Amino acid sequence: MIKVLADQNLYKIEQFIPEKAHVTLYGPQEGIPDLDGFDAFLVQTVTPLSKETLPNPPKRIKFIGTGSSGTDHIHNKYFEQKGITIADAKGCNAPAVAEYVITALLLWREKHQPEKKIEKVGVIGAGKAGSAVIKLLQKFGIEYAAYDPPRAEVDAEFKSATLDEVLDCPILTFHVPLTKTGPYATFHWLDEAKLSGRKYRLIINAARGGVIDEKALLKAHTEKQVEHFVLDVWENEPDFNTEMAERTFIATPHIAGYSEQSKINATQIICDKLATYFELDHFTTPHKMLPKIVEMEPIKYDLKKILRRLNPILEYEKAFQALSYHRNKKLLFRKLRNDFPFRFEYPYLKISNELFNGFEELRTLGVQPKVKS
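Reading the values: rules and limits
- Residues numbered from 1 in each chain as written.
- Predicted model: local features only at pLDDT ≥ 70, side-chain atom pairs only at ≥ 80, totals over all residues.
- Heavy atoms only, no water.
- Helix = DSSP H or I, 4+ residues; strand = E, 2+ residues; numbered from the N terminus.
- Rg over C-alpha atoms; globule rule 2.2 N^0.38 Å.
- Buried < 20%, exposed > 50% of the residue type's maximum accessible area, 1.4 Å probe, protein only.
- Contact = heavy atoms within 4.5 Å.
- Areas by Shrake-Rupley, 256 points an atom, 1.4 Å probe, with all protein chains shown as cover.
- Lys, Arg positive; Asp, Glu negative; His and termini not counted.
- Charge placed at Lys NZ, Arg CZ, Asp CG, Glu CD.
- Phe/Tyr/Trp six-rings, centres within 6.5 Å; stacked < 30°, edge-to-face > 60°.
- Lys NZ or Arg CZ within 6 Å of the ring centre and 35° of its normal.
- Axes fitted to C-alpha atoms, helices over the stretch in contact; angles between N-to-C directions.
- Parallel < 35°, antiparallel > 145°, perpendicular 65-115°, else oblique.
- Left-handed = near helix turned anticlockwise from the far one by under 90°.
- Polar contact = N/O pair within 3.5 Å; in protein donor to acceptor, adjacent residues only side chain to side chain.
- Pairing = 2+ DSSP bridges.
- Right-handed = clockwise from strand over helix to strand, strands pointing away.
- Expected span 1.5 Å × (residues − 1).

> Please clarify how the overall build of the protein should be interpreted in this entry.
A count of helices and strands for the protein gives 15 helices and 14 strands. What you see for the protein is a C-alpha radius of gyration of 21 Å, in line with the 21 Å of a compact globule of 373 residues. Across its three principal axes, the protein shows a C-alpha extent of roughly 60 × 55 × 50 Å. Within the span of the protein, comprising 373 residues, buried residues form 55% of the whole. In the protein, of all internal contacts separated by at least 6 residues, the share reaching a separation of at least 24 is 61%. With the model as given, the accessible surface of the protein reaches about 18,200 Å², and the carbon-plus-sulfur share is 50%. Mean positive and mean negative side-chain charge positions of the protein (51 and 49 charges, respectively) differ by 2 Å.

> I would appreciate a short explanation of the environment of A245 in the present structure.
Here A245 is to be found in helix α9 (residues 242-247). C-alpha of A245 to C-alpha of D232: the two residues are 13 residues apart in sequence and 9.7 Å apart in space. In this view, A245 contacts W234, F240, A251, F320, Q321 and S324; residues no more than four positions away in its chain are not counted.

> Looking at this model, I keep getting lost on the packing of aromatic side chains. Mind explaining?
Describing an aromatic ring pair means giving the distance of the ring centres and the angle of the ring planes. Within this structure, the stated rule accounts for 15 aromatic pairs. Taken together, a centroid distance of 5.7 Å and an interplanar angle of 50° make the contact between W234 and F240 tilted. Exposure remark for W234: the relative accessible area of 2% places this residue in the buried category. Classification of F240 as buried rests on a relative accessible area of 2%. Ring-pair connections join several aromatic residues into one group, and the members of that group are W234, F240, F320 and F333. If you follow K329 out to its NZ or CZ, it ends over the ring of F240, 4.5 Å from the centre.

> Please explain unusual backbone geometry as it appears in this structure.
Negative phi characterises most residues that are not glycine, and trans characterises most peptide bonds. Of note, the bond from E237 into P238 is cis; its omega dihedral lies within 30 degrees of zero at 15°. One can find P238 in the loop between β10 (226-231) and α9. Here the phi dihedral of K12 falls at roughly 55°; this positive angle occurs in a residue that is not glycine. You can see K12 is positioned in the loop between β1 (2-7) and α1 (13-16).

> What's the story with the packing of helix α3 (residues 94-112) against helix α11 (residues 303-310) in this structure? I'm lost.
Between two packed helices, the angle of one axis relative to the other and the distance separating the axes together describe the packing. Across the interface, α3 lies against α11 with an axial gap of 10 Å and an inter-helix angle of 150°. Judged by the inter-axis angle, α3 sits roughly antiparallel to α11. With respect to the hand of their crossing, α3 and α11 are arranged in left-handed fashion. Each of L106, L107, R109 and E110 in α3 lies in contact with α11, whose residues at this interface are L303, K304 and L307.

> How should I be thinking about the side chain of T173 in this particular structure?
Structurally, T173 is set in strand β8 (residues 171-174). Among the residues examined, T173 registers a relative accessible area of 1% and is labelled buried. Within the structure, the side chain of T173 is placed 2.7 Å from the side chain of H175, a separation counted as a polar contact. Leaving out residues up to four positions away in the same chain, T173 has contacts with V101, V121, G122, V123, I124, V133 and I204.

> What exactly am I supposed to notice about the pairing of strand β4 (residues 63-66) here?
Along any regular strand, the residues point their side chains to alternate faces of the sheet. Going residue by residue along β4, you find F63 and G65 tucked away on one face and I64 and T66 tucked away on the opposite face as well. Here four bridges tie strand β3 (residues 40-43) to β4, and the two strands are oriented parallel to one another. Bridge pairing links F41 to I64 in β4. In terms of strand pairing, β4 meets strand β5 (residues 85-87) through three bridges, oriented parallel. Paired with F63 across the strands is T85, a residue of β5. Regarding the hand of the β-α-β motif, the stretch spanning β4, helix α2 (residues 76-81) and β5 is right-handed.

> Before we go on, may I ask you to explain the sheet that holds strand β12 (residues 292-293) in this structure?
Note: strands within a sheet are paired through backbone hydrogen bonds, in either parallel or antiparallel orientation. With respect to topology, three strands assemble into an open sheet ordered β12-β13-β14, the strand pairing being parallel. Only two strands of the sheet have a single neighbouring strand rather than two, namely β12 and β14 (368-369).

> Could you clarify how one ought to interpret helix α4 (residues 128-139) in this entry?
Helical geometry note: an α-helix holds 3.6 residues per turn, so side chains three or four residues apart project in the same direction. Along its 12 residues, α4 runs 17 Å from first to last C-alpha, staying within 8% of the 16 Å computed at 1.5 Å per residue. By the burial criterion, the buried members of α4 are A129, G130, A132, V133, I134, L136 and L137. Turning to α4, the residues buried within the fold contact α3, β6 (121-124), β7 (144-147), β8 and α15 (360-365). Count one or two residues on from α4 and you reach G141, which has phi positive near 70°.

> Sorry, what's going on with the side chain of N93 here?
Mapped onto the elements, N93 comes out in the loop between β5 and α3. Taking relative accessible area as the criterion, N93 reaches 16% and is therefore assigned buried. When residues no more than four places from it in sequence are discounted, the contact partners of N93 are S69, G257 and S262.

> Sorry, what's going on with the sheet that holds β7 here?
Pairing in this open sheet of six strands is parallel, and the strands run β7-β6-β8-β9-β10-β11 from one edge to the other. The outermost strands of the open sheet, each flanked by one partner alone, are β7 and β11 (250-251). Here β6 pairs with β7 via four bridges, running parallel. If you follow V123 over to β7, its bridge partner there is A146. Here α3 sits on the sheet in contact with β6, β8, β9 (200-205), β10 and β11, set at roughly 150° to β9.

Nothing here speaks to function; it is all geometry.
This is the structure we're talking about:
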């Protein structure tokens, strides 16, 4: 019997763990737990793993999995040198992240330029999440420039925009991992030098805190080079910069990829990888998700009100701003992430035909009519 220690917040972990594996749950707020007696350790992004946080991993530990789309919170090389395999759930939350970005764009348009089309969007990073964003931009007929030189080197079918082409877009959205070394390091990718001499209507970061130099962004905002910005991720999170939060158009606690579907995907992917590594039987069919009917009062809605009802992005914003000056804001940041109910992605939502037919944006997002005509 394989013994697994898992973060209790890995969604429905006990439903997906292989039959021949026994799972013990722990609370990540307690720090790194005692790993003696376990074969595998399953975590989330809130648990940083390195030589400093786990200097002497037990020899029995052979597998570390994270239920996230990247491993920048894990020092891969250190653990691989210890003979430990690292696995993530890359791509699990790409549709949810794309929905976060397009929802933020639509809310921004409704407030700041309701009579105009959304301007050209520069997409920095065209991996799973960036590609999902591009698909939605295409559906909405929004012009874009996709910048991803590393992908262009290995994917002959992908042609990256040039640096100037993407930086010349009036809107930027980030979808890259956080890396500090190598020819394509992303730490402080958007810095004072790249911001200098340019003007931006909107900047969105739903990738990783640290991809944007927050001091440079604050300076650019003060000098009116950047009109608005949306941040879901933060440098030094969960100890986020309160001034940054106050100045955002939308500020959220690293939840862009949070949805019922993405969380189930993440848990299933990481449990499948664990089963493959230990040669255990595991689930091979995707978890079936039934649509959710959203009942809405028969009153007059505008697009903002409908989006607010279907997607809790502004509810997160309200709760997030409330904890900015709290002395326990780091703890509350994590609590807000874990306690808020997961949303359903748009294609899994059904609303009344009257509302569905009243807004073309809902059809484009994939929302379904309650009764098909």
